[in-house]
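# Structure at a glance
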Amino acid sequence: MEFAGSHILSVHQFERTDVERIFAVADRMGPYARRRRVTRVLDGAILGSMFFEPSTRTRVSFGSAFNLLGGEVRETTGFENSAIAKGESLYDTARVLSGYSDVIAMRHPVAGSVAEFAAASRVPVINGGDGSNEHPSQALLDLYTIKSELAGRGRGIDRLRIAMVGDLRFGRTVHSLSKLLCLFERVQVTLVSPGELRMPGEIVEEMRRAGIEVIESDALEASISHVDIVYSTRIQEERFGTQAEADLYRGRYRLNQSIYTHHCEPNTVIMHPLPRDSRDHARELDDDLNDNPNLAIFRQTDNGMLVRMALFALTLDVVEQVDKHARDVNWYTAGRF
Ligand code: CP
């Protein structure tokens, strides 16, 4: 695909070569994300950051990624701080805010809303999550993490064996990741969820059509015994009608060190898009895994910086200029990832 000036709305936009291009650019962002070098390549550029749902990682890392490239960030968080609360349409909001920004990152609770906004925007829009539909930058950073974790074992993404666990019905990260895996060869995906929270049938069919071996189960221990990656997810309580309904499923699947030791292969990588729900009645990924070297959740969040910097560099067409506007840092930098 042509990245310059393009919206990033769905992983369906990508061919395998596009994903490889994003990962190659992400690799080049390492010295900047790790604070070894500083670049001002986006000096003067403005990111419009519009998050109409709660977010820690996506909102802050999109903003920090833009800052690390030398640009500035203008944030709108929550409908209550936007004229949308006064009845303004997404069309008008997009027409206005795209006049104030060079690129926009947006999260919205309604599936399809970011695409609707992008259709009226005069600048590229990156989907930071639209309802239970998609979260393309998360899927890219997840896949980048999978690639990095397996590379140390002399493996690539082809022939991946992954178990996705939890709320597969509403979890947009697993929707996007499943679609992205369709670009790779001989992948095996085990879907572990309560019957009511199964992966949408059209995504399962899409994976099967792409040649992925898909296994569906409601049993955790038996499903994680022969996989490279266990990808745990939170019950998406914000998508349920009531908390009582979400409570029916919270805590159903809990991965802890004991279960890992007894059921997983020794080097199985543990991933989660975060936030994990650390309340006692949930704990889908227990704190007692924190010292497990195969827990990759914070490598995922670090990798998010690289991938989001790459998306900005590509959509604003500055990849080849990043290093020309760079210098070494002149402050103490602690050992980062
Ligand atoms: N993974 C993710 O989307 O996290 P946030 O909701 O904190 O952005």
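Residues numbered from 1 in each chain as written. Predicted model: local features only at pLDDT ≥ 70, side-chain atom pairs only at ≥ 80, totals over all residues. Heavy atoms only, no water.

## Thoughts on the pattern of salt bridges
Using the criterion set out here, one finds 23 salt bridges in the structure. Between Arg28 and Glu320 there is a salt bridge; the shortest N-O distance is 3.4 Å. In this pair, Arg28 is assigned in helix α1 (residues 16-28) and Glu320 in the loop between α12 (297-315) and β11 (326-328), connecting sequence segments 292 residues apart. Taking the relative accessible area as the measure of exposure, Arg28 reaches 35% and is therefore partly exposed. Glu149 serves as the salt-bridge partner of Arg299, at 2.6 Å between the closest nitrogen and oxygen. Here Glu149 lies in helix α6 (residues 136-151) and Arg299 lies in helix α12, a separation of 150 residues in the sequence. When its relative accessible area of 13% is taken as the criterion, Glu149 is described as buried. Put simply, Glu237, Asp247, Arg250, Asp277 and Arg279 are held in one network by salt bridges that share partners. (Salt bridge = Lys/Arg side-chain N within 4 Å of Asp/Glu carboxyl O. Helix = DSSP H or I, 4+ residues; strand = E, 2+ residues; numbered from the N terminus. Buried < 20%, exposed > 50% of the residue type's maximum accessible area, 1.4 Å probe, protein only.)

## Focus on the pairing of strand β4 (residues 103-108)
Summarising burial for β4: 6 of the 6 residues are buried, a large majority. Of the two faces of β4, the one lined by Val103, Ala105 and Arg107 and the one lined by Ile104, Met106 and His108 are each fully buried. Pairing of strand β2 (residues 46-51) with β4, which is carried by 5 bridges, proceeds in the parallel orientation. Residue pairing for β4: Gly48 is matched across the bridge by Ile104. Here β4 runs beside strand β5 (residues 125-130); their pairing, made up of 4 bridges, is parallel. Note on β5: the bridge partner recorded for Met106 is Asn127. Following the backbone out of β4, through helix α5 (residues 113-120) and into the adjacent parallel β5, one traces a crossover that is right-handed. (Pairing = 2+ DSSP bridges. Right-handed = clockwise from strand over helix to strand, strands pointing away.)

## A look at helix α7 (residues 172-181)
Burial analysis of α7 places 10 of its 10 residues in the buried class, which makes it a mostly covered element. Inspection of α7 places Arg172, Thr173, Val174, His175, Ser176, Leu177, Ser178, Lys179, Leu180 and Leu181 among the buried residues, and these make up the whole buried set.

## What about the domain arrangement of the protein chain?
What the domain assignment reports for the protein chain is domain 1 (11-135 + 303-328) and domain 2 (136-298). One C-alpha centre belongs to domain 1, the other to domain 2, and the line joining them spans 25 Å. Domain 1 puts 30 residues into the contact, and the matching count from domain 2 is 26 residues. Taking both sides of the interface into account, the surface hidden between domain 1 and domain 2 amounts to around 2,500 Å²; carbon and sulfur atoms contribute 59%. (Domains from an automatic or database assignment. Contact = heavy atoms within 4.5 Å. Buried area = accessible area lost by both parts, 1.4 Å probe.)

## Remarks on the environment of Asn303
With respect to the helices and strands, the residue Asn303 is situated in helix α12. Under the relative-accessibility criterion, Asn303 is labelled buried at 9%. Here the alpha-carbon distance between Asn303 and Glu221, two residues 82 residues apart in the chain, equals 28 Å.

## Regarding the packing of α1 against α12
Following both chains from N to C, one finds α1 and α12 inclined at 110°, their axes separated by 8 Å at the closest point. Looking at the two axes, α1 sits roughly perpendicular to α12. Residues Arg21, Ile22, Val25 and Ala26 of α1 pack against Leu306, Val307, Ala310, Leu311, Ala313 and Leu314 of α12. (Axes fitted to C-alpha atoms, helices over the stretch in contact; angles between N-to-C directions. Parallel < 35°, antiparallel > 145°, perpendicular 65-115°, else oblique.)

## Quick word on empty space enclosed by the protein
Taken as a whole, this structure holds 1 cavity of 30 Å³ or more when the rule is applied. What lines the largest cavity is simply Val165, Gly166, Ser232, Thr233, Ile235, Tyr249, Arg250, Gly251, Arg252, Tyr253, Ala282 and Glu284. (1 Å grid on protein atoms, 1.4 Å probe; cavity = no way out; pocket = protein on both sides within 12 Å on 5 of 7 lines; lining within 4 Å. Points joined across faces, edges and corners; volume = space filled by probe spheres on them.)

## Here's the deal with α5
Buried within α5 are the following residues: Ser113, Val114, Phe117, Ala118 and Ala120. Buried residues of α5 fall within an arc of 160° about the axis and therefore sit on the same side. In the core, the buried residues of α5 are packed alongside β2, α4 (90-97), β4 and β5. (Arc of directions from axis to C-beta.)

## Quick notes on the site of the ligand
All residues adjacent to the ligand are Pro54, Ser55, Thr56, Arg57, Thr58, Arg107, His135, Gln138, Pro273 and Leu274. Here Thr56 contributes a backbone N or O atom positioned 2.8 Å from an oxygen atom of the ligand. The backbone of Pro273 places a nitrogen or oxygen atom 3.0 Å from a nitrogen atom of the ligand. Protein coverage of the free-state accessible area of the ligand, which is 260 Å², stands at 91%. (Near = heavy atom within 4 Å. Polar contact = N/O pair within 3.5 Å; in protein donor to acceptor, adjacent residues only side chain to side chain. Areas by Shrake-Rupley, 256 points an atom, 1.4 Å probe, with all protein chains shown as cover.)

## A few points about the layout of surface pockets
Within this model, the largest pocket holds a volume of roughly 470 Å³. Lining the largest pocket we find 25 residues, and of these Pro54, Arg107, Arg234, Glu238 and Pro275 sit closest to its centre. The class makeup of the residues in the lining of the largest pocket is 4 nonpolar, 10 polar and 11 charged. Mapped onto the domain boundaries, the lining of the largest pocket takes at least three residues apiece from domain 1 (11-135 + 303-328) and domain 2 (136-298). In this model, the second largest pocket occupies a volume close to 160 Å³. When residues of the lining of the second largest pocket are traced back to their parent elements, those giving at least two are α3 (57-68), α6 and α12. Ranked by the residues each element gives to the lining of the second largest pocket, the list is headed by α12, at 5 residues. Counted by class, the lining of the second largest pocket contains 4 nonpolar, 6 polar and 2 charged residues. (Nonpolar A, V, L, I, M, F, W, Y, C, P; charged D, E, K, R; others polar.)

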